[in-house]
Amino acid sequence: MRLTVLGGCGAWPAAGQACSGYLVECDGFKALIDPGYATVPRLLELTGAEEIDAVLVTHGHPDHCADLNPLLRARSLGDARPSALPVYAPRGALDAVLRLDERMLARSFVLHDLLPSRALEVGPFRLDTWALPHHVPNAGLRLSGGGKVIAYTGDTGPADTLVDLARDADLLLAEATYPEEVPEEDAPYLSTALQAGRTAATAGVARLLLTHLWPGSPPEPALAAAAKSYSGDLAVASWGATVCL
């Protein structure tokens, strides 16, 4: 299993960056996770739009799903014209983005609801989901395939179930908008690198990749905060970074 980072910028794409977006490949199957702002141009540097086999979306904030629209446009209007794309998301999360070009793109995708505690088969992957606290419904994702596990928090506040999501994962991709402290009004809904490190250590994950840093944030404070409790392989998600498991 291989994960390639398309972007990891939180909220909006800072200059030269893209928001959340991750390409996960296993046995020739390509799953795109969270096609946030500015991720599709990065994706198209790596593969054709028609080569994507499924899209998984953790929640409906546009920094995690806005580029689903240009992806569907590329598939619908390009020369290849592939079959309808399976798209997985919490119920209602994609209503706004799918209203764009609604008539033109209606047959370009098949929408599937992500429901907590219901396992799905997505190509070679087993997909398990957890409902995690955020401003809108958010699904933590655990992808198992080829004997390896990738766990991804989406955007989330503190939750005891994060340890279950990440338990013994080969890679934990964890939202870490702030290094050590979330502003009070957002504390139930967002996380820090400090918290991500603690979760990774408790869950026994092999690698920790911090993502969704606030635009313009340097990586060093986030890395230092996570390293206070996590001593394993640690990095910040950046365009083009690849993790092979």
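The preceding data block contains the structure.
Criteria and cut-off values
- For every chain, the first residue of the written sequence is number 1, and numbering continues from 1 along that sequence.
- Given that this is a predicted model, residues contribute local features only at a pLDDT of at least 70 and side-chain atom pairs are listed and counted only at 80 or more, while totals for whole chains, interfaces and linings are drawn from all residues.
- Here the side-chain values reflect all heavy atoms present in the structure, with hydrogen atoms and water set aside.
- Lining residues are defined by having an atom within 4 Å of a point belonging to a cavity or pocket. Those points lie on a 1 Å grid over the protein atoms alone, cavities being sets where a 1.4 Å probe fits but cannot get out and pockets being open sets with protein on both sides within 12 Å along at least five of seven lines.
- Grid points are joined across faces, edges and corners, and a volume is the space filled by probe spheres set on the points.
- Here the nonpolar group is Ala, Val, Leu, Ile, Met, Phe, Trp, Tyr, Cys and Pro; Asp, Glu, Lys and Arg are the charged ones; every other residue, Gly included, is treated as polar.
- Numbered from the N terminus, helices here are DSSP runs of H or I no shorter than four residues, and strands are runs of E no shorter than two.
- When a carboxyl oxygen of Asp or Glu lies within 4 Å of a side-chain nitrogen of Lys or Arg, that pair is called a salt bridge.
- Each residue is assigned to one of three classes by its accessible area relative to the maximum for its type, calculated with a 1.4 Å probe on protein chains only: buried under 20%, partly exposed between the two thresholds, exposed over 50%.
- Here, a strand pair is defined by DSSP locating no fewer than two bridges between the strands.
- Convention adopted: a line fitted to C-alpha atoms gives each axis, helices being fitted over their contacting stretch, and angles between N-to-C directions are expressed from 0 to 180 degrees.
- Only heavy atoms matter for contacts: two residues are in contact if any of them lie within 4.5 Å across the pair.

K.L.:
Explain the layout of surface pockets to me, and be specific about the residues and the numbers.
P.N.:
Computed from the structure, the largest pocket encloses a volume of approximately 240 Å³. Along the wall of the largest pocket there are 17 residues; nearest its centre are Gly-8, Gln-17, Val-236, Ala-237 and Ser-238. Here the lining of the largest pocket is built from residues that sort into nine nonpolar, seven polar and one charged. By volume, the second largest pocket is sized at about 200 Å³. Around the second largest pocket, the lining comprises 15 residues; the ones closest to its centre are Pro-158, Ala-159, Leu-162, Gln-195 and Thr-199. Considering every element that reaches the lining of the second largest pocket, the biggest residue donor is helix H7 (residues 193-203), with four residues. Tallied by class, residues from the lining of the second largest pocket come to seven nonpolar, five polar and three charged.

K.L.:
With reference to specific residues and values, describe the pattern of salt bridges.
P.N.:
Taken as a whole and judged by the stated rule, the model has seven salt bridges. Across the salt bridge formed by Arg-207 and Asp-233, the nearest N and O atoms sit 4.0 Å from each other. Here Asp-233 lies in strand S13 (residues 233-236) and Arg-207 lies in strand S12 (residues 207-211), a separation of 26 residues in the sequence. Since its relative accessible area comes to 29%, Arg-207 is described here as partly exposed. Residue classification places Asp-233 among the partly exposed positions, given a relative accessible area of 44%.

K.L.:
Talk me through the sheet that holds strand S10 (residues 148-152); I want residue IDs and the actual numbers.
P.N.:
Pairing is mixed in the open sheet, where seven strands are placed in the order S7-S8-S9-S10-S11-S12-S13. Bordering the open sheet on either side are strand S7 (120-122) and S13, each of which pairs with just one other strand. For this sheet, the mean angle separating the axes of adjacent strands, direction not counted, is 20 degrees. In this structure, strand S11 (residues 171-175) lies alongside S12, joined through four bridges in parallel fashion. Looking across to S12, one finds that Leu-173 is bridged to Leu-209. Those strands touched by helix H8 (residues 219-226) are S12 and S13, and its axis lies near 155 degrees from that of S13.

Bear in mind that shape data such as this cannot, by itself, settle questions of function.
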